[in-house]
Amino acid sequence: METTTPQEVTQNLLARAHSPNSVSRIYTEKIQHRTLHLRPSSPPPATLNARAARRKIRDGKKARGKARPKPLSSRERRKLGLYDIPKQGQKYDIYKPLYDLWQGYAREILGGDLYRGGTEAAAKLASAELHGAQAEVVRSRCSGRVGIKGIIVRDRKFVIEIITEKKGLKMVPKEGTTFRIEVNAGHEENSKPFAFEVLGDQFMHRSADRANRKFKQHFLPNL
């Protein structure tokens, strides 16, 4: 059985479209010594692995996005006790540095009004941050709360939480309660403090909301 070489097959194919002289010339110039580059019909294994790796990363990101937990609601946070101060943290000495920081903060925001008092000082104090201030209950509908004194550690909408020196954490409702807050005029120990009385009924807002409220003068029937 005769075998046909690749050269003969190529020349036979060229002879169908060209003359014998042209077949020899075309084959010699354009085919015989020319490199033939073949493009694979499918990507190499390395490309397949890279594609699979990218797909795996995308799927993992989608899975993590779906599994991301929802933020806790306020009710769930209260139920878990995230805002509660642990028993070992209810010590007065822990919050003394916070009280010292608040004194400097109060002197800075009040400025000269600290010595003059009046409506301007009251307006500044009404929007001031009270966490760290030392407060004393001077009047209350419940006589048992009068005399409670300590550092404010949490200013809630309807309740103020105070750390006292001897009795630990106390929760005092704002409604019907008057608090006395003192600001030292200087760093000297013998300097006379300036005292302000805060009506809890007028502070029944969260500290963040109270900072944006404007102070208005009006008649208070409970005075």
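Nothing here was measured: the structure is a model prediction, and the numbers come from that model.

Points about the pattern of salt bridges
Here is step 1 of the chain: Inspection of every chain in the model, using the stated rule, returns seven salt bridges.
Here is step 2 of the chain: A salt bridge links Glu 175 to Arg 141, with the shortest nitrogen-to-oxygen separation between them at 3.6 Å. Placement of the pair is Glu 175 in the loop between strand E4 (168-173) and strand E5 (177-184) and Arg 141 in the loop between strand E1 (134-140) and strand E2 (149-155), with a sequence separation of 34 residues.
Here is step 3 of the chain: The exposure class assigned to Glu 175 is partly exposed, which follows from its relative accessible area of 44%.
Here is step 4 of the chain: A salt bridge links Lys 174 to Asp 155; the nearest nitrogen and oxygen atoms lie 2.8 Å apart. One end of the pair, Lys 174, is in the loop between E4 and E5; the other, Asp 155, is in strand E2, with 19 residues separating them in the sequence.

Concerning the nonpolar core
Here is step 1 of the chain: Within the largest apolar cluster, 22 residues are counted, with the highest numbers of intra-cluster contacts made by Trp 102, Ile 152, Phe 179, Ile 181, Val 183 and Phe 196.
Here is step 2 of the chain: Of all the secondary-structure elements, those providing two or more residues to this core are helix H5 (96-110), helix H7 (118-126), E1, strand E3 (159-164), E5 and strand E6 (193-199).
Here is step 3 of the chain: Ignoring any residue separated from it by four or fewer positions in sequence, one finds Phe 196 in contact with Leu 110, Leu 114, Ala 121, Leu 125, Phe 179, Arg 180, Ile 181 and Val 183.
Here is step 4 of the chain: Counting residues in each nonpolar core, the second largest holds seven residues, with Tyr 95, Ile 151, Val 153 and Ile 163 among its members.

Remarks on the side chain of Lys 174
Here is step 1 of the chain: Judged by relative accessible area, Lys 174 falls into the buried class, the value being 1%.
Here is step 2 of the chain: Apart from residues no more than four positions distant in its own chain, Lys 174 is found in contact with Asp 155, Arg 156, Lys 157, Phe 158, Val 159, Ile 160, Phe 179, Gly 200, Asp 201, Phe 203, Met 204 and His 205.

Here is what the cut-offs are and how they apply
Residues numbered from 1 in each chain as written. Predicted model: local features only at pLDDT ≥ 70, side-chain atom pairs only at ≥ 80, totals over all residues. Heavy atoms only, no water. Salt bridge = Lys/Arg side-chain N within 4 Å of Asp/Glu carboxyl O. Helix = DSSP H or I, 4+ residues; strand = E, 2+ residues; numbered from the N terminus. Buried < 20%, exposed > 50% of the residue type's maximum accessible area, 1.4 Å probe, protein only. Core = buried A, V, L, I, M, F, W, Y, C linked by side-chain atoms within 4.5 Å. Contact = heavy atoms within 4.5 Å.

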